[in-house]
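Each chain, letter by letter, is given below.
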Amino acid sequence: MVHPLDLTVIVAYLALIVWVGLRVSRRVHDAQDYFLAGRSLTWFVIGLSIIGTNVSAEGYVGASGNAYKVGIAQANFEWIGAIPAMILASLVFIPVYWRAGVYSIPEYMGLRYNAAVRVLLAVIASVFAVFAIAVGLWALALTLETYLGWPTWAGILVTGAIVGAYSVTGGLAAVAYTDAVQVLVMFAGGVAIVALGITETNGFSGFATALSAENPDHLHAFLPADHPEFPWPGVLLGLSIVLSPAYWCAGQTILQRSLGARSQWDASASMMFAAFAKTFVPLLIVFPGLLALVMHADIAYPDMALPWVVKNILPPGLSGIMFVAIIAALQSTVDSALNSTSLLITRDIRGVLLPHTDRTRDLIIGRRVAVVLLVTAMLFAPAIANLGGIYVFIQTLLSLFQGPTLALLVLGAFTRHATPAAGLVTLVTGVAVSGTLTLLDTNMLFVAFWSFAYALVCLLVVSFFTPRLEPALLDRLVYRRVTG
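This report concerns the structure included in the present document. All residue numbers refer to positions counted from 1 along the written sequence of the respective chain. It should be noted that, the model being predicted, local features are given only for residues of pLDDT at least 70 and side-chain atom pairs only at 80 or more, the latter also being counted only at that level, while totals for whole chains, interfaces and linings use all residues. For the side-chain quantities, the full set of heavy atoms in the structure was used; hydrogens and water were omitted.

## Focus on the packing of aromatic side chains
Working definition: a ring pair exists when centres of Phe, Tyr or Trp rings (six-membered ring for Trp) sit within 6.5 Å. Plane angles under 30 degrees give stacked, over 60 give edge-to-face, the rest tilted. Summed over all chains, the structure comprises 12 aromatic pairs. Between the aromatic rings of phenylalanine 93 and phenylalanine 414, the centroid separation amounts to 5.7 Å while the plane-to-plane angle is 85°, which identifies the pairing as edge-to-face. Highlighted residues: phenylalanine 93 in helix H5 (residues 83–100) and phenylalanine 414 in helix H18 (residues 402–414), separated in sequence by 321 residues. Consider the rings of tyrosine 247 and tryptophan 248, whose centres lie 5.0 Å apart with planes at 85°: the pair is edge-to-face. The residues tyrosine 247 and tryptophan 248 share a single accessibility class, namely buried. What links up through ring pairs into an aromatic cluster is the set Phe93, Tyr97, Tyr108, Phe414 and Tyr479. Over the ring of tyrosine 113 we find arginine 112; its NZ or CZ atom is 5.4 Å from the centre of that ring. Both a distance and an angle decide whether a charge sits over a ring: NZ of Lys or CZ of Arg must be within 6 Å of the ring centre and within 35 degrees of the ring normal. A cation over an aromatic ring shows up here: arginine 347 above the ring of tyrosine 103, its NZ or CZ 3.7 Å from the ring centre. Helix and strand definitions here come from DSSP, where helices need a minimum of 4 consecutive H or I residues and strands a minimum of 2 consecutive E residues; each element is numbered from the N-terminal end. Throughout this description, buried means an accessible area under 20% of the type-specific maximum (1.4 Å probe, protein chains only), exposed means over 50%, and partly exposed covers the range between.

Given below as structure tokens:
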């Protein structure tokens, strides 16, 4: 039974988020307001929103569940798998996108290569987003089932309606400001879990002793080379070289708020600020999974570790705050993906395939697309239960296209050699290579690395036999010209 104080905290939070989102929505008058917040966001709001988007369904509930399964090696996805790439994005790629004046990463790729590359990348990202939104809704439903005893269908329906209320109407500004509020709640709740969890296990020494005695393998920072999910060579090659840079330097959901900054300085500073905040995130998302393990949590899925800790460790009031923090993380997954994907479909797919349509209708179309995406993901969400842990599922999906995408971005931004025709050939065949490796049961981290290596070679070779873009256009798109 939920304590009345916890229920009050939860209802008050949900009401606050909807109020903030709807209030911000009054500023939305055109497509730029909707998709890029009128280019008015400050570095502080963007930085918090980036963290909120990143610490998402698979990054909060899923990462805690994975820590429950494999231990502190999960933290590699935060430190090795984030911070270096975030600094690279801040100093190199955000200035490139900003100077190009684009709304999206596929739009930049379309300028650097051709319209076919732009559309194909947007289609791939949109399909992935439907899964990501469904994962977010499923994780929310699991949390509500664990904490409140709601059936999963009710959790999906209620949370989908709440997120839709502000994200569909308010666009990027509503997403950014609600994310900022949600991140502050997340950090407060995470600190409370660490403090009280240590107390429940007789101090840090008692926690460490119990963990090392019962689950010594969970203390390894790197797992064996033959580990089925996170082998250490795969972490170094697939995660640090491919998946992390591709996510932070080419991910539309992450970078869209930077493109909505009021200045290039705000855009770059926001990512640097987010990188600093990211150093504390592993403590907040890995520790609950280990705590559930030490306390012998009775759970059906590893992904239920964090909700179990919230329900069984925290006192009334704090339990409600932490439950709100989980909701905040999961809502951020859904609202960010909705906004960025509606942009991709409206501008990068519809806008290219139907170039003569009325562009003044982009705002209306964008909102309609967001509704369709949300309903589709709500219908698909129950199927996530049959796909294993949500963290591994999302990372596996990313490995299917992140390698070729990163190859196109790196050679496109740093060289004049890559050609439009080579970009299209590389993207199509690179995704095919990733799919083949996955069907051969190759670990997702190695899928990412080998598809990236293939794509680099393919792009270089095919570019020798196909014409380049005009030098004047390259001057605006290649990194050395941007900085010079």
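Here the narrative resumes, following the displayed structure.
## Quick look at the side chain of arginine 350
Here arginine 350 lies in helix H15 (residues 318–353). Whether two residues are in contact is decided by their heavy atoms, any of which lying within 4.5 Å being enough. For arginine 350, the residues in contact, after removing those within four places along its chain, are Ile345, Thr357, Asp358, Asp362 and Ile365.

## Thoughts on the packing of helix H19 (residues 420–439) against helix H20 (residues 444–463)
Whenever a helix is involved, its axis is fitted only over the stretch in contact; in every case the axis is a line through C-alpha atoms, and angles between N-to-C directions fall within 0 to 180 degrees. At a minimum axis distance of 9 Å, the contact between H19 and H20 shows a crossing angle of 155°. It follows that H19 is roughly antiparallel to H20 by the angle criterion. Where H19 crosses over H20, the two elements pack in a sense that is right-handed. In this structure, H19 contributes Ala422, Gly423, Val425, Thr426, Thr429, Gly430, Val433, Ser434, Leu437 and Thr438 to the contact, and H20 contributes Val447, Trp450, Ser451, Tyr454, Ala455, Cys458, Leu459, Val462 and Ser463. In this classification, Asp, Glu, Lys and Arg are treated as charged, Ala, Val, Leu, Ile, Met, Phe, Trp, Tyr, Cys and Pro as nonpolar, and every other residue, Gly included, as polar. Residues belonging to the contact of H19 with H20 are distributed by class as follows: 11 nonpolar, 8 polar and no charged. Angles below 35 degrees are treated as roughly parallel, those above 145 as roughly antiparallel, those between 65 and 115 as roughly perpendicular, and all remaining angles as oblique. A clockwise turn of the near helix away from the far one marks a right-handed crossing, whereas an anticlockwise turn of less than a right angle marks a left-handed crossing.

## Re the pattern of salt bridges
Here, a salt bridge means any Lys or Arg side-chain nitrogen found within 4 Å of an Asp or Glu carboxyl oxygen. In the structure shown here, the tally under the stated rule is 5 salt bridges. In this structure, arginine 350 engages aspartate 362 in a salt bridge whose closest nitrogen and oxygen atoms are separated by 3.4 Å. Linking arginine 350 in helix H15 with aspartate 362 in helix H16 (residues 362–380), this pair joins segments that are 12 residues apart in sequence. Take aspartate 362: its relative accessible area is 2%, and that puts it in the buried class. One salt bridge in this structure joins aspartate 475 and arginine 416, with 2.4 Å as the shortest N-O distance. Taken together, the residues span a long stretch of sequence, with aspartate 475 in helix H21 (residues 471–477) and arginine 416 in the loop between H18 and H19 at a distance of 59 residues.

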